[in-house]
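Read off the chains here:
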Amino acid sequence: RRATTTEGPSAHIMSSASLHAAVCAGVRPQVASKRFCVTSVGHGASSPVSWSSIGLFSSSGRFLRGPLSMKAAPATAAASKETEQYAGRCVVLTREEGKNGDMCSRLTARGIDCLEMPLIETVNGADRDALPAALNDPEGWTWVCITSPEAAKVFLKGWTEAGRPDLPIATVGAGTARILAEHYASGALAAPTFTPSKANADTMVVELPVDESSRVLYPASAKAASTLQDGLAARGATVTRLDTYSTENVTAVDPAVLARALAADVVTFGSPSAVKAWMALSGLDPAASDHPAYACIGGTSAKACDKIGLPGVLFPEDPGVDGWEGVVLKALEAAR
């Protein structure tokens, strides 16, 4: 990785050989923080990044870049040059155990080393036991809104306990919809479905077909924002929210795993909670210069990074694994 050690036009560029020696010695090179769309890591002190910041979140002024309108080109078996390009590069995957497989497969196919270090664990929410009865409410539901893959998994457990009633379901995006797909394929679910044009609550609020007669059930994380229920209620719908699960921050990891994560090229975040857990475990000062690059699944996680002033944050315009993969590759490209 090439890195600048000071700011401004006179910044020194470490040679590849010097950098390799530093990495082998276990020393992270100091990376200069750049403002105004100049690389904080990458092609040298005076080179602009190949994408630009639009200043979406500017409260901290700490180089939050994006959103990036992009998807990664699929890896192919013939892409030997690409695997050579990424040889020795490491990306940390921090989603809950069992949720990192898709991204890991995508990245390892490109020759990228992946370190799985879950920073979040899922627990039952206060309203989990009430879900089966709610699904069988005799008044019925205009929509059941599901806004994350984990919410979909918890929903399916309660739905099975309820006798698998056919319900109209609105999912926030393709990743969430995939959790339910097999039940539509089998015919167990046949009622209308809905997915907004962008995978976020704000867009679902605007696009979901509701009126003053609509009844909406929203089984959600206890930590989910009130954006969806407030927005739909403002449009006249009656919204019942159930906190069916919650996430807790992991408070301890193997020291050897943490040391590898701190030396990695990119750390990924799939939720604001993962950002908080990383900061607590890593002990990094947000203002320090020895951070890896950060790649978020979407704007919500990126806002959490910006709130505490993390540098070098990238996120895709459209939340989801496809855009997230592209952001990880851009972060690696900048961190050479």
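Residues numbered from 1 in each chain as written. Predicted model: local features only at pLDDT ≥ 70, side-chain atom pairs only at ≥ 80, totals over all residues. Heavy atoms only, no water.

Observations regarding the sheet that holds strand β8 (residues 215-221)
Rule in force here: DSSP-based pairing: two strands are paired if at least 2 bridges between them are found. Strands here are runs of E lasting at least two residues and helices are runs of H or I lasting at least four, both read from the DSSP assignment and numbered beginning at the N terminus. Any two residues having at least one pair of non-hydrogen atoms within 4.5 Å are treated as being in contact. Axis lines are fitted to C-alpha atoms, over the contacting stretch for helices. Their N-to-C directions set the angle, which ranges from 0 to 180 degrees.
Ordered by their spatial adjacency, six strands build an open sheet running β4-β9-β8-β5-β6-β7, and the pairing between neighbours is mixed. The sheet is open, and its two borders are formed by β4 (120-124) and β7 (193-194), each paired with just one other strand. Pairing of β4 with strand β9 (residues 238-249) involves five bridges; the strand directions are antiparallel. Of the residues in β9, the one forming a bridge with E121 is E248. The strands that helix α8 (residues 227-234) touches are β5 (143-146), β8 and β9; relative to β9, the one it contacts most, it runs at about 170 degrees.

Considering the environment of D243
Rules: Identification of polar contacts relies on pairs of N or O atoms within 3.5 Å, with a donor-acceptor requirement for protein atoms, meaning one able to donate a hydrogen and the other able to accept it, and with residues adjacent in sequence counted only if both atoms are side-chain atoms.
Within the element layout of this structure, D243 appears in strand β9. For the pair D243 and D129, spaced 114 residues apart in sequence, the C-alpha separation works out to 10.0 Å. Here D243 is in contact with G125, A126, D127, R128, A220, S221 and A222, once residues within four sequence places are set aside. For D243, the side chain forms a polar contact with the side chain of R241, separated by 2.8 Å.

Here we look at helix α11 (residues 299-308)
Convention followed: Categorising residues by exposure relies on relative accessible area from a 1.4 Å probe, with only protein chains included: less than 20% of the type maximum marks a residue as buried, more than 50% marks it as exposed, and the intermediate range marks it as partly exposed.
Every buried residue of α11 is accounted for by G299, S301, A302, A304, C305 and D306. G309 sits one or two positions beyond α11 and adopts a positive phi of about 85 degrees.

Looking at the packing of aromatic side chains
In this description, a pair of aromatic rings is defined by centroid distance and the angle of the planes. Stated precisely, the cut-off is as follows: Pairing of aromatic rings covers Phe, Tyr and Trp, the last through its six-membered ring, and needs centres within 6.5 Å; plane angles under 30 degrees mean stacked, over 60 mean edge-to-face, and all others mean tilted. In our convention, an over-ring charge means Lys NZ or Arg CZ found within 6 Å of a ring centre and within 35 degrees of that ring's normal.
Throughout the structure, instances matching the rule amount to four aromatic pairs. With a centroid separation of 5.3 Å and an interplanar angle of 20 degrees, the aromatic rings of F269 and Y294 are classed as stacked. In this pair, F269 is assigned in strand β10 (residues 266-269) and Y294 in strand β11 (residues 293-296), connecting sequence segments 25 residues apart. Residues F269 and Y294 agree in their burial class; the two are buried. Positioned above the aromatic ring of W141, the side-chain terminus of R215 is 4.2 Å from the ring centre.

A word on the pattern of salt bridges
Heads up, the condition is: Take a side-chain nitrogen of Lys or Arg and a carboxyl oxygen of Asp or Glu: if they are within 4 Å of each other, that pair is a salt bridge.
Applying the stated rule across the entire model yields 13 salt bridges. What emerges from the salt-bridge pattern is a single network uniting D102, R106, R110, D322 and E325.

Looking at the packing of helix α5 (residues 149-161) against helix α6 (residues 174-185)
Quick note on the threshold: Working definition: roughly parallel below 35 degrees, roughly antiparallel above 145 degrees, roughly perpendicular at 65 to 115 degrees, and oblique for all remaining angles. By the definition used in this description, the sense in which the near helix is turned from the far one sets the handedness, with an anticlockwise turn below a right angle giving left-handed and a clockwise turn giving right-handed.
Across the interface, α5 lies against α6 with an axial gap of 7 Å and an inter-helix angle of 30 degrees. The angle between α5 and α6 falls in the class roughly parallel. For the crossing formed where α5 meets α6, the hand is right-handed. Residues P149, A152, K153, F155, L156 and W159 of α5 lie in contact with α6, whose contacting residues are G175, T176, I179, L180 and H183.

A word on α6
How we decide: In a helix, the anticipated span is given by 1.5 Å times the number of residues less one.
Given a rise of 1.5 Å per residue, twelve residues ought to cover 16 Å, and the 15 Å separating the end C-alpha atoms of α6 matches this to within 8%. Turning to α6, the residues buried within the fold contact β5, α5 and β6 (169-171).

Here's the deal with the environment of P168
Mapping P168 onto the fold places it in the loop between α5 and β6. Residue classification places P168 among the buried residues on the basis of a relative accessible area of 13%. Linking P168 and C145, residues 23 residues apart in sequence, is a C-alpha distance of 8.8 Å. Look past the residues within four positions of P168 in its chain and what remains in contact with it is W141, T142, W143, V144, A191 and P192.

Quick notes on the nonpolar core
As a reminder of what qualifies: In this description, a nonpolar core means a group of buried Ala, Val, Leu, Ile, Met, Phe, Trp, Tyr and Cys residues linked to one another through side-chain atoms lying within 4.5 Å.
Ranked by internal contacts, the top residues of the largest apolar core, which has 26 residues, are F269, W278, Y294 and L310. Of all the secondary-structure elements, those providing two or more residues to this core are β2 (90-93), α9 (255-262), β10, α10 (272-282), β11, α11 and β12 (313-316). A total of six residues in this core trace back to one element, the largest contributor, which is α10. Residues contacting W278, with those up to four places away along its chain left out, are M117, L119, A261, L262, V267, F269, G283, L284, P292 and Y294. Grouped together as the second largest cluster of nonpolar side chains are 21 residues, W141, I146, V154 and F155 included.

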